[in-house]
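Here is how the chains run, residue by residue.
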Amino acid sequence: MPPTSLPVTAFLSYEYLALLAAACWACGSLMSATASTHLGAFAFTRWRMLCAAIMLWLIAAVSGGWVTLAVDSLGLLVVSGIIGIFIGDTALFAAMNRLGPRRAGVLFATHSLFSVILAYFFLGETQWGWTLIGSSLLVSGVMTAIFFGKRKTELHAWEANQSQLKSGVALGLLAALCQAVATLMLKPLMETSIDAVSASAVRMTTAFVLHQLIFMLGFKVARAYLPMTKKVFLLVLANAALSMVLGMTLILQALKHGEAGMVAVLSSVSPVLVLPLLWLVYKRSPAFGAWLGATLTVLGTILILLKN
């Protein structure tokens, strides 16, 4: 067997790996609003990609997972990194800065629908019976929780109400589509013996190099809004560790054993997992719509886990 840097994945099924990835994204996203607003979407993404790439290569070097990287797999990893991370991740945070994370989250949640449709046409994956019902409940619950989960009195950074509607919607849907396409591209590759951490390292490095190139060429959009501070850097570092190092690696590991569409559906519960975290941080109980959406999501997840 090839070396592995995530021994916990040896005894967890792909369903739980996808849910763990969603939990990582939920925790990491709490740290993104302040840092992304401070630095801007491009600068924030560039910094966290740098942090994530360094951490991933260190893990791959220590574990020996880098030896599983084959020359013929690098091209696919590079293209996946460009689509899923360089374009998709940047578009997501640009959408958040325009629409606020609540509405951007609704749009990004459509990546699970894109994944299921694309997986049907290109990978022959189908969902029937209780699994289909569970997936439908889960996706509906996620969107309900985000869309109807806001109280009128909530004015903190997570409920920013920006005015750039058309560009924000376009960027949110672009991010969702890129996430779906990148996931499907990697499915056949991840079924081989390739190490998930090393694969993540290649994708992350590719995206960072492109972001750095844009910055070095002097594009205004790549400049930070405000200078980096110690507090913001720590937020970026923590977000990179949770969301990009652990979260994305868990997703790749889940793709080794599970269907791409189902992995995407289960990992889309991240916005619902954010709700109790926001409750903990801001000491406010979620709105009724959030509870309703969370209930639907939990029921859908239970059906999927029982039938897989």
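In what follows, the structure referred to is the one given above.
First, a word on scope: everything that follows refers to the structure included in this document.

1. Here we look at the overall build of the protein chain
In step 1: Tallying secondary structure elements over the protein chain gives 13 helices and zero strands in all.
In step 2: Going from the N terminus to the C terminus, the protein chain shows its helices and strands as α-α-α-α-α-α-α-α-α-α-α-α-α.
In step 3: When each of the 308 residues of the protein chain is scored for burial, the buried share is 53%.
In step 4: Split by element, the accessible area of the protein chain, about 13,900 Å² in all, is 73% carbon and sulfur.

2. Looking at the nonpolar core
In step 1: Core analysis: the biggest nonpolar cluster contains 80 residues, and L138, M190, M204 and L255 have the highest contact counts within it.
In step 2: The greatest single-element share of this core, amounting to 11 residues, is contributed by helix α10 (residues 230-257).
In step 3: Setting aside residues up to four positions removed in sequence, L255 forms contacts with T183, L186, K187, M190, E191, A260 and V263.

3. Some points on the packing of aromatic side chains
In step 1: Taken as a whole and judged by the stated rule, the model has two aromatic pairs.
In step 2: Measuring from ring centre to ring centre gives 5.2 Å for Y120 and F121, while their planes differ by 80°; the resulting arrangement is edge-to-face.
In step 3: One residue, R46, lies across the ring of F215, its end atom 4.1 Å from the ring centre.

4. Description of the pattern of salt bridges
In step 1: Within the structure shown, the criterion is met by two salt bridges.
In step 2: With its nearest N and O atoms 2.4 Å apart, the salt bridge here joins D89 to R48. In this pair, D89 is assigned in helix α4 (residues 71-99) and R48 in helix α3 (residues 41-63), connecting sequence segments 41 residues apart.
In step 3: Accessibility expressed as a relative area gives 8% for D89, which makes it buried.
In step 4: Ionic pairing is found between K187 and E191, a salt bridge with its closest N-O pair at 3.1 Å.

5. Quick notes on helix α9 (residues 196-216)
In step 1: The end-to-end C-alpha distance of α9, which contains 21 residues, comes to 30 Å, matching closely the 30 Å that a straight helix rising 1.5 Å per residue would cover.
In step 2: Within two residues after α9, G218 carries a phi angle of roughly 90°, on the positive side.

6. Quick notes on the packing of α10 against helix α11 (residues 260-267)
In step 1: At a minimum axis distance of 9 Å, the contact between α10 and α11 shows a crossing angle of 145°. Between α10 and α11 the crossing geometry is right-handed. The segment α10 lies against α11, with I251, A254 and L255 engaging A260, V263 and S267.
In step 2: Partitioning the contact of α10 with α11 into residue classes produces five nonpolar, one polar and no charged.

7. A word on the packing of α3 against α10
In step 1: Here α3 crosses α10 at 55°, and the two axes come no closer than 8 Å. When the axes of α3 and α10 are compared, the pair comes out oblique. Here α3 and α10 pass one another in a crossing that is right-handed. Across the interface between the two elements, F44, W47, R48, M49, C51, A52, M55, L56 and I59 of α3 pack against F233, V236, L237, N239, A240, A241, S243, M244, V245 and T249 of α10.
In step 2: Per-class residue counts for the contact of α3 with α10 are 15 nonpolar, three polar and one charged.

8. Quick word on α3
In step 1: With 23 residues, α3 ought to run about 33 Å at 1.5 Å a step, and its terminal C-alpha atoms sit 32 Å apart, in line with that.
In step 2: Once α3 finishes, G64 follows within two positions and takes phi at roughly 85°, a positive value.

9. Considerations on a nonpolar patch on the surface
In step 1: Residues I117, Y120, F121, F122 and L123 make up a contiguous nonpolar surface patch of roughly 580 Å² in combined accessible area.
In step 2: In this fold, I117 is placed in helix α6 (residues 111-122).

10. Observations concerning the side chain of S112
In step 1: Considering the arrangement of structural elements, one finds S112 in helix α6.
In step 2: Filtering out sequence-adjacent residues up to four positions away, S112 remains in contact with V139, A264, V265 and S268.

Each value, and the rule that gives it
- Residues numbered from 1 in each chain as written.
- Predicted model: local features only at pLDDT ≥ 70, side-chain atom pairs only at ≥ 80, totals over all residues.
- Heavy atoms only, no water.
- Helix = DSSP H or I, 4+ residues; strand = E, 2+ residues; numbered from the N terminus.
- Buried < 20%, exposed > 50% of the residue type's maximum accessible area, 1.4 Å probe, protein only.
- Areas by Shrake-Rupley, 256 points an atom, 1.4 Å probe, with all protein chains shown as cover.
- Core = buried A, V, L, I, M, F, W, Y, C linked by side-chain atoms within 4.5 Å.
- Contact = heavy atoms within 4.5 Å.
- Phe/Tyr/Trp six-rings, centres within 6.5 Å; stacked < 30°, edge-to-face > 60°.
- Lys NZ or Arg CZ within 6 Å of the ring centre and 35° of its normal.
- Salt bridge = Lys/Arg side-chain N within 4 Å of Asp/Glu carboxyl O.
- Expected span 1.5 Å × (residues − 1).
- Axes fitted to C-alpha atoms, helices over the stretch in contact; angles between N-to-C directions.
- Left-handed = near helix turned anticlockwise from the far one by under 90°.
- Nonpolar A, V, L, I, M, F, W, Y, C, P; charged D, E, K, R; others polar.
- Parallel < 35°, antiparallel > 145°, perpendicular 65-115°, else oblique.
- Patch = residues over 30% accessible without salt bridge, like charges linked within 9 Å, V, L, I, M, F, W, Y side chains within 5 Å.

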